[in-house]
Amino acid sequence: MMLHRREALVAVTVARSSVAETSAIVVDPKPLFEISPLLYMQFMEPLGATDGSVEACWDDDADDWRKDFVDAVRDLAPGAIRFGGLFSRYYKWREGIGPAAKRPAMRNYVWGGWETNRVGTDEFVDLCRRVNAEPFFCVNFLSDGDKRYAAHAGDAKEAAEWARYSKLKLWQIGNETSYGTACFTREEAIAHTIEFARAMRQIDSSIKLIGWGDRGRDGKLWATEMEKQAGEFIDFLAIHMMGQDQPDVFRPRETELKGASWCSPAGSVSAVELELFFPAGQ
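Cut-offs used in this document
- Residues numbered from 1 in each chain as written.
- Predicted model: local features only at pLDDT ≥ 70, side-chain atom pairs only at ≥ 80, totals over all residues.
- Heavy atoms only, no water.
- Salt bridge = Lys/Arg side-chain N within 4 Å of Asp/Glu carboxyl O.
- Helix = DSSP H or I, 4+ residues; strand = E, 2+ residues; numbered from the N terminus.
- Buried < 20%, exposed > 50% of the residue type's maximum accessible area, 1.4 Å probe, protein only.
- Arc of directions from axis to C-beta.
- Contact = heavy atoms within 4.5 Å.
- Polar contact = N/O pair within 3.5 Å; in protein donor to acceptor, adjacent residues only side chain to side chain.
- Phe/Tyr/Trp six-rings, centres within 6.5 Å; stacked < 30°, edge-to-face > 60°.

Enquirer: It is not clear to me how the pattern of salt bridges should be interpreted in this structure. Could you clarify?
Expert: Any two side chains of opposite charge can pair, on the condition that their charged atoms come close. A full pass over the atoms with the stated rule returns 17 salt bridges. In this structure, the salt-bridge partner of Asp-235 is Arg-201, at a minimum N-O distance of 2.4 Å. One end of the pair, Asp-235, is in the loop between helix 5 (223–230) and strand 12 (236–241); the other, Arg-201, is in helix 4 (residues 186–203), with 34 residues separating them in the sequence. A salt bridge links Lys-208 to Asp-235; the shortest N-O distance between them is 4.0 Å. With a gap of 27 residues between them, Lys-208 in strand 11 (residues 208–212) and Asp-235 in the loop between helix 5 and strand 12 connect regions that are remote in the sequence.

Printed below as a string of structure tokens:
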């Protein structure tokens, strides 16, 4: 019998038969702990010329998502799907709404090639609704401070207007903002996170916001200081795990994690990315 992967978090009891001296595995499908609906997540990012391009999942003849793609995602049963990644540094959400024929094409600076913007906010949300997943976007966070994309940076007002347009309840502010030397410093990121959170919550006070908390250029996690200064404005903090050990800061709280973790292949990139969310302000 094949189990749904949400049923894999179960109690397993091994009972040995004294007669046949064989082992029997008894699977109790009842979860031992409450499981967050955000636990199993997937990641969608337009990857330009690579095989993982979002537009490769679109059927131009039917002008709809490919049926086999929708079926495969529904079978995976993700609790949520995130649209963003490095692409968010230069993505302008208004270019992906309205009549498809009038949407301007855009260059995919990180992954190469061009995006037609045929898949935008409404199409992504529609996909998520079809597969019963919570949709959320990573907003253009002033290009994460990366000056290479300054001409395409999105400010707090733009993020707030996106929240007004889509009416979604879950958002991420910043993507890998701490990596390298091209992006914001920690203090800059904290200040802008508060700015974005305030602007977005003026549109909808009930939305949930995810801030960035991974390691900076000095090797230290941003999470502690981000939580200290911006914890009252955000609901979760995120880190990305790509080959490194889990930071010690999370180990004492493993049983308390109520956020989400997800694992997704990064298109043609060989690394597998794991994002951990944990509640801020606790």
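Enquirer: Would you take a moment to explain helix 1 (residues 67–76) for this structure?
Expert: Because an α-helix completes one turn every 3.6 residues, residues spaced three or four positions apart along the sequence face the same direction. Every buried residue of helix 1 is accounted for by Phe-69, Val-70 and Val-73. Projected onto a plane normal to the axis of helix 1, the buried residues spread over an arc of 95 degrees and lie on a single side. Facing away from the buried surface of helix 1 by more than 90 degrees, the exposed residues are Lys-67 and Asp-75. Close packing links the buried residues of helix 1 with strand 3 (40–44), strand 5 (64–65), strand 6 (80–83) and helix 2 (121–130). Backbone geometry just after helix 1 places Ala-77 at a positive phi near 55 degrees.

Enquirer: Could you clarify how one ought to interpret the side chain of Asp-144 in this entry?
Expert: Secondary-structure assignment places Asp-144 in the loop between strand 9 (134–139) and helix 3 (156–166). Of note is the side chain of Asp-144, whose polar atom sits 2.8 Å from the side chain of Arg-89. Within the structure, Asp-144 has its side chain in polar contact with the backbone nitrogen of Asn-175 (distance 3.3 Å). In contact with Asp-144, not counting residues within four places along its chain, are Arg-89, Gly-174, Asn-175, Thr-177, Cys-183 and Phe-184.

Enquirer: How do you make sense of the packing of aromatic side chains when you look at a structure like this?
Expert: Working definition: an aromatic ring pair is given by the centre-to-centre distance plus the angle between the planes. Tallied over the full model, the rule gives 21 aromatic pairs. A ring pair is formed by Tyr-90 and Tyr-109, whose centres lie 5.2 Å apart and whose planes are at 75 degrees; its orientation type is edge-to-face. Within this pair, whereas Tyr-90 is found in the loop between strand 6 and strand 7 (106–107), its partner Tyr-109 is found in the loop between strand 7 and strand 8 (114–115), the two being separated by 19 residues in sequence. For Tyr-109, a relative accessible area of 30% puts it in the partly exposed group. Here a set of aromatic residues connected by ring pairs shows up, and it is made of Phe-83, Phe-87, Tyr-90, Tyr-91, Trp-93, Tyr-109, Phe-124, Phe-137, Tyr-149, Trp-162, Tyr-165 and Trp-171.

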